[in-house]
Amino acid sequence: MGSVDRATPSPMTAAPTPVVIISIAVVLLALIAAFVGRPFVTSWRAREAKIGANEQELGRLSHVLASTSVVSREISEQESSFALQTTRVLRAKSRTLAASALQSMVQDMADASHVTVTRLDVANVAGGADLPLTLSANGDIFGLTDLLKQFGSGRYVVEVDKLQVQVNSALLGAPDVLQMTLSLRAPVIVE
């Protein structure tokens, strides 16, 4: 009764069974996957997404770079065709220089049309793309007609905003002389 069977191991010193070993291995693999594998996969996916976005951006920029020569050529062709046209936008280094060039041009047009200029003011307004101009002159109907034609076909674009014509009462002996006031504006590009 008191004999102990030495063939059966005691529960404290028993060797682990294969089920316990497999369970421990599975838990260790799950821990390794959770703490090492998942961050690695997440960073790998983020890196791949970034590489894909960079490849798309590179493709877009390569397309832009390839089309730059075509766009530059088209711009040059358009500038050449504009330069050949008789009517152009006035370009100057400053608005003051543009106002001076515009004033000289309008004075030359009036002289060529046999219209006597009594007042010619170019308002050098600080902002805006246009320079306003006021012209007061005396002349006959043919001079006025010729002046308006010159505005339409001049070296620079000049738009007539307002035209006021009246018979000059000071010159009663010359009924064909008109007093005219024109409000003009010219588009200007300051370079």
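Throughout what follows, the structure given in this document is the object of discussion. Note that this is a predicted model, so its numbers are computed, not measured.

Now for the pairing of strand β3 (residues 130-139). Along β3, seven of the ten residues are buried, which leaves the element largely enclosed by surrounding structure. Where strand β2 (residues 116-122) meets β3, six bridges bridge the pair, whose relative direction is antiparallel. Paired with Arg119 across the strands is Ser136, a residue of β3. As defined by bridge partners, β3 adjoins strand β5 (residues 178-190) across ten bridges and the pair is classed as antiparallel. Considered in β5, the bridge of Gly139 is made with Leu178.

What follows covers helix α3 (residues 141-153). Over its 13 residues, α3 runs 19 Å from end to end, which matches the ideal 18 Å to within 8%, given 1.5 Å per residue. Looking at the buried side of α3, the elements it contacts are α2 (95-112), β3, β4 (159-167) and β5.

Scanning the model with the defined rule gives five salt bridges in all. A salt bridge links Asp121 to Arg119, with the shortest nitrogen-to-oxygen separation between them at 2.7 Å. When its relative accessible area of 37% is taken as the criterion, Asp121 is described as partly exposed. You can call Arg119 partly exposed: its relative accessible area is 39%. Salt bridges linked by common partners bring Asp130, Glu159, Asp161 and Arg185 together as one network.

Let us look at the nonpolar core. Ranked by size, the top nonpolar core spans 26 residues in total, and within it Leu102, Met105, Val106, Leu131, Leu135, Phe151 and Val158 carry the most contacts. When residues of this core are traced back to their parent elements, those giving at least two are β1 (90-92), α2, β2, β3, α3 and β5. Here this core takes seven residues from α2, the largest share from any one element. Ignoring any residue separated from it by four or fewer positions in sequence, one finds Val106 in contact with Leu120, Leu133, Leu135 and Phe151.

So, how was this worked out
Residues numbered from 1 in each chain as written. Predicted model: local features only at pLDDT ≥ 70, side-chain atom pairs only at ≥ 80, totals over all residues. Heavy atoms only, no water. Buried < 20%, exposed > 50% of the residue type's maximum accessible area, 1.4 Å probe, protein only. Helix = DSSP H or I, 4+ residues; strand = E, 2+ residues; numbered from the N terminus. Pairing = 2+ DSSP bridges. Expected span 1.5 Å × (residues − 1). Contact = heavy atoms within 4.5 Å. Salt bridge = Lys/Arg side-chain N within 4 Å of Asp/Glu carboxyl O. Core = buried A, V, L, I, M, F, W, Y, C linked by side-chain atoms within 4.5 Å.

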